[in-house]
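Spelled out, the chains give:
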Amino acid sequence: MIVFDASTLILLAKIGLLRNLTDRVEVGVPPQIKEECTRGESTDARLIDQLIEEGRIRILEVAKEEATEAERLKEEFSIGEEAYALVLARNEGSLFATDDKAAINACKVFGVEFTTAVDFLIRAYERGDLEPELAKEKLYQLEEYGRYSSSIMEYAEGKLGGEDDEND
Amino acid sequence: MKTTSFRLDEKDLERIEKLAEEEGEGKSQSVRDLLDYGWEYLKIRQYRKGEISLSQLSQELDKPINEVINLLAELGVQSPLEKADVMEGYEALSEEY
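Since the structure is predicted, the reported quantities are computational estimates derived from the model, not experimental observations.

(A) Here's a closer look at the overall build of chain B. Within chain B one finds five helices and zero strands. Reading chain B from its N terminus to its C terminus gives the helix and strand order α-α-α-α-α. In terms of overall size, chain B is more extended than a compact globule, its C-alpha atoms giving a radius of gyration of 19 Å where 97 residues would be expected to give roughly 13 Å. Relative to all contacts within chain B whose residues are 6 or more apart in sequence, the contacts with residues 24 or more apart total 16%.

Now the structure itself:
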């Protein structure tokens, strides 16, 4: 099970990788994240809603003590609803998927393992779930919405068999 | 809407009048527009510096996260994510997927 926050879920929806991913890994979100992702009338929101309806994205219950803890983390780390996903990932010993820097900083404090949207894309390519050309095309889509730095893009391109990243 | 009063210097008043003229709207509307733009700019800067999360930014701007991601892309606001974060995320994900 990988617990997601809204940022990574929406980015993967935007590049058309989310449905494919839910075939391969168990995806879970707390109700607070579901609420954030399905607000508005966008195609991404509708896709996430549909995947929840199909049972491909599980809604995870948040116990009262976990909610109290999440509210405390919100204050302490200047994060929003990401706190609920973080607390669930920590308590379940799950990987936490987030593209949010403030949430990643909190993960580092608590020793919670995290991953990002670009990592899912790289792994999809490495596992053969995506053809090289399509993987690169999706990386450029992700660059637009993920707004990554040039060093992240060079790293990802290197992983996708493009220009090698000498620091690897 | 409530009515209130503020002290403004000449430069600020000139800007309000200029915007009102450019947009063909009243000065009160121009002040409200400028407050909205200023608030958005301030909060996006805080997000850019990693001081607030995307979820908080969405709440502060009263927009769905999806729209906020589109807005950040449109404005070309670089993500505060670092290469080391992505590399660490890759190692962790490789064990599960």
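(B) Looking closely at the nonpolar core. Residues and elements named next belong to chain A. Core analysis: the largest hydrophobic core is formed by 72 residues, its most contacted members being Leu 9, Leu 12, Ala 85, Leu 86, Phe 96 and Leu 121. No fewer than three residues from each of domain 1 (2-115) and domain 2 (131-159) sit in this core. When neighbours within four sequence positions are excluded, Leu 121 is seen to be in contact with Leu 17, Ala 135, Lys 138, Leu 139 and Leu 142.

(C) Spatial organisation of helix α1 (residues 10-23) of chain B. All names here are of chain B. Taking 1.5 Å per residue, 14 residues should reach 20 Å; α1 reaches 20 Å between its end C-alpha atoms and fits that length. Of all 14 residues that make up α1, zero are buried, and the element is exposed over most of its length. Note on α1: the residue one or two positions beyond its end, Gly 24, has a positive phi of about 65°.

(D) Structural context of the domain arrangement of chain A. Residues and elements named next belong to chain A. For chain A, the domain assignment lists domain 1 (2-115) and domain 2 (131-159). Listed by partner, the interface residues are five residues for domain 1 and five residues for domain 2. Here the side of domain 1 that touches domain 2 is composed, by residue class, of three nonpolar, no polar and two charged.

(E) Inspection of the sheet that holds strand β5 (residues 114-115) of chain A at higher detail. Residues and elements named next belong to chain A. Taken in spatial order, the five strands make up an open sheet running β3-β2-β1-β4-β5, and their pairing is parallel. Because the sheet does not close on itself, it has two edges, and the strands there are β3 (57-59) and β5. Across two bridges, strand β1 (residues 2-4) lies against strand β2 (residues 27-29) in parallel orientation. Bridge pairing in β2 links Ile 2 to Val 27.

(F) Quick look at the environment of A:Thr116. Tracing the backbone through its elements, the reader meets A:Thr116 in the loop between β5 and α8 (117-126). Apart from the residues within four sequence positions on either side, A:Thr116 is in contact with A:Thr8, A:Asp99, B:Leu81, B:Asp85, B:Val86 and B:Gly89.

(G) How the structure looks around the environment of A:Arg147. Considering the arrangement of structural elements, one finds A:Arg147 in the loop between α9 (132-146) and α10 (150-159). Taking the C-alpha atoms as reference points, A:Arg147 and A:Leu73, separated by 74 residues in sequence, lie 26 Å from one another. Filtering out sequence-adjacent residues up to four positions away, A:Arg147 remains in contact with B:Leu72, B:Ala73, B:Val77, B:Gln78 and B:Ser79.

(H) The confidence of the model for chain A, seen in detail. On average, chain A scores 94 in pLDDT, and the residues at 70 or more come to 96%. Overall, residues 164-168 of chain A carries pLDDT values under 50, and its contacts beyond four positions in sequence, including any with other chains, amount to five contacts.

(I) Quick look at the interface of chain B and chain A. With 32 residues of chain B in contact, the opposing surface of chain A contributes 43 residues. Elements represented by at least two residues in the side of chain B that touches chain A include exactly α3 (54-61), α4 (65-75) and α5 (83-94) of chain B. A per-element tally of the side of chain B that touches chain A places α5(B) first, with nine residues.

(J) Just the confidence of the model for chain B, in detail. Averaged over every residue, the pLDDT of chain B is 95; the share at 70 or more is 100%. Confidence metrics for the complex model read pTM 0.91 and ipTM 0.92.

Cut-offs used in this document
Residues numbered from 1 in each chain as written. Chains lettered and ligands numbered in written order. Predicted model: local features only at pLDDT ≥ 70, side-chain atom pairs only at ≥ 80, totals over all residues. Helix = DSSP H or I, 4+ residues; strand = E, 2+ residues; numbered from the N terminus. Rg over C-alpha atoms; globule rule 2.2 N^0.38 Å. Contact = placed C-beta atoms within 7 Å. Core = buried A, V, L, I, M, F, W, Y, C linked by C-beta atoms within 7 Å. Buried ≥ 20, exposed ≤ 12 C-beta atoms within 10 Å, placed from the backbone. Domains from an automatic or database assignment. Expected span 1.5 Å × (residues − 1). Nonpolar A, V, L, I, M, F, W, Y, C, P; charged D, E, K, R; others polar. Pairing = 2+ DSSP bridges. pLDDT = per-residue confidence, 0-100.

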